[in-house]
Amino acid sequence: MRHLSFFCAAPLVAALAFSAAVAAPARKVVSPQIETAQPAHTAPQHSTQGVYDLSPLPVFTGRIEQFLPSTHGGIIGFILTDGTQVFVSVAEGHSFAGLIKPGDTVQISGLKGVGLPIIRAFEVTSPRGRSVQDNFISMPVHSTEMIAGPDLVQHGEVWMPLYSVGGKLTGAVLKDHAVIYLSPAEAARVASLLQPGQMLYAVGTGSSGELGTAIDAREIGPSADKLVSVTVGEVPPPGPPAGSAGYDVIPGAGDH
């Protein structure tokens with residue numbers, strides 16, 4: 001009977017062992033691997049598009065007559081053959097200068113001035129189909145503190161009054177394409193000299209190069225012997241008169 005129990009138990013043990021072998025999952029040997037960083041998903045780069053949808057803006061077409069150079073060597077825009085002044089941001093000035101040139105017919109997405117021949121451009125497309133969109137960074141048009149060097153003298157017939165992107169009279173463009181900058185206050189004071197056909201003589205510092213000539217006028221008049229001095233840049237508002245209670249008070253000093 002002992003032998004019979006042994007032979008009966010043996011198949012049962014074998015069956016249980018086989019079941020355990022089937023139920024236990026096979027262990028997978030994983031060799032060490034060096035993980036490589038996957039490139040992060042980035043939005044597709046568009047060399048001709050920005051992040052804003054400018055399609056609702058009106059589109060204007062015109063032929064470039066000249067750049068509008070700034071006094072520090074860049075450009076702030078260009079002038080079309082019909083006399084329209086087109087402004088771009090200073091940050092994008094060099095990009096626009098590399099994209100277009102005088103004589104090109106371009107498409108401009110932007111806003112036109114009310115009653116003034118000016119356009120604030122937000123995108124300019126060249127005849128070759130390339131375009132640059134404004135990055136919407138606000139920078140000063142020109143800074144007299146950045147300018148150093150000898151005086152430049154410009155004289156000739158005025159082609160048109162020059163306006164700022166905000167629509168203020170701010171100088172003149174001569175027929176030889178030189179640009180004379182004045183502060184809005186000084187431009188208003190000598191506005192009669194800035195009209196088309198007037199002879200203008202101006203002395204100041206600025207720049208002259210491939211993009212054009214521009215100066216911040218320090219003296220201006222109809223001729224060299226009839227010059228008047230003008231203040232360069234914006235004049236700070238007057239403070240309290242000497243001897244008054246507020247004369248020695250520094251604005252904002254008590255806020256700290």
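A brief report on the enclosed structure follows. Remember, it's a predicted structure, so these values are computed and weren't measured experimentally. (Residues numbered from 1 in each chain as written. Predicted model: local features only at pLDDT ≥ 70, side-chain atom pairs only at ≥ 80, totals over all residues. Heavy atoms only, no water.)

### As for unusual backbone geometry
A positive phi angle, close to 85 degrees, is found at histidine 177, a residue other than glycine. Within the element layout of this structure, histidine 177 appears in the loop between strand E8 (169-174) and strand E9 (179-181). (Helix = DSSP H or I, 4+ residues; strand = E, 2+ residues; numbered from the N terminus.)

### A closer look at the nonpolar core
Counting residues in each nonpolar core, the largest one holds 30 residues, and the members touching the most others are Leu68, Ile180, Leu182, Leu194, Leu200 and Ile220. Breaking this core down by element, the ones donating at least two residues are strand E2 (75-80), strand E7 (152-163), E8, E9, strand E10 (199-209) and strand E11 (212-221). Among residues more than four places away in sequence, those in contact with isoleucine 180 are Gln154, Leu162, Thr170, Gly171, Ala172, Leu174, Leu200, Ala202, Ile215, Ala217 and Ile220. If you look at the next biggest cluster of nonpolar residues, it comprises 17 residues, including Phe67, Ile75, Val86 and Val132. (Core = buried A, V, L, I, M, F, W, Y, C linked by side-chain atoms within 4.5 Å. Buried < 20%, exposed > 50% of the residue type's maximum accessible area, 1.4 Å probe, protein only. Contact = heavy atoms within 4.5 Å.)

### Details of the pattern of salt bridges
Using the criterion set out here, one finds six salt bridges in the structure. As a salt-bridge pair, arginine 218 and aspartate 151 come within 2.6 Å of each other at their nearest N and O atoms. In this pair, arginine 218 sits in strand E11 while aspartate 151 sits in the loop between strand E6 (131-133) and E7, placing the two residues 67 residues apart along the sequence. A cluster of three or more residues bridged by salt bridges with shared partners is formed by Lys101, Asp104 and Arg128. (Salt bridge = Lys/Arg side-chain N within 4 Å of Asp/Glu carboxyl O.)

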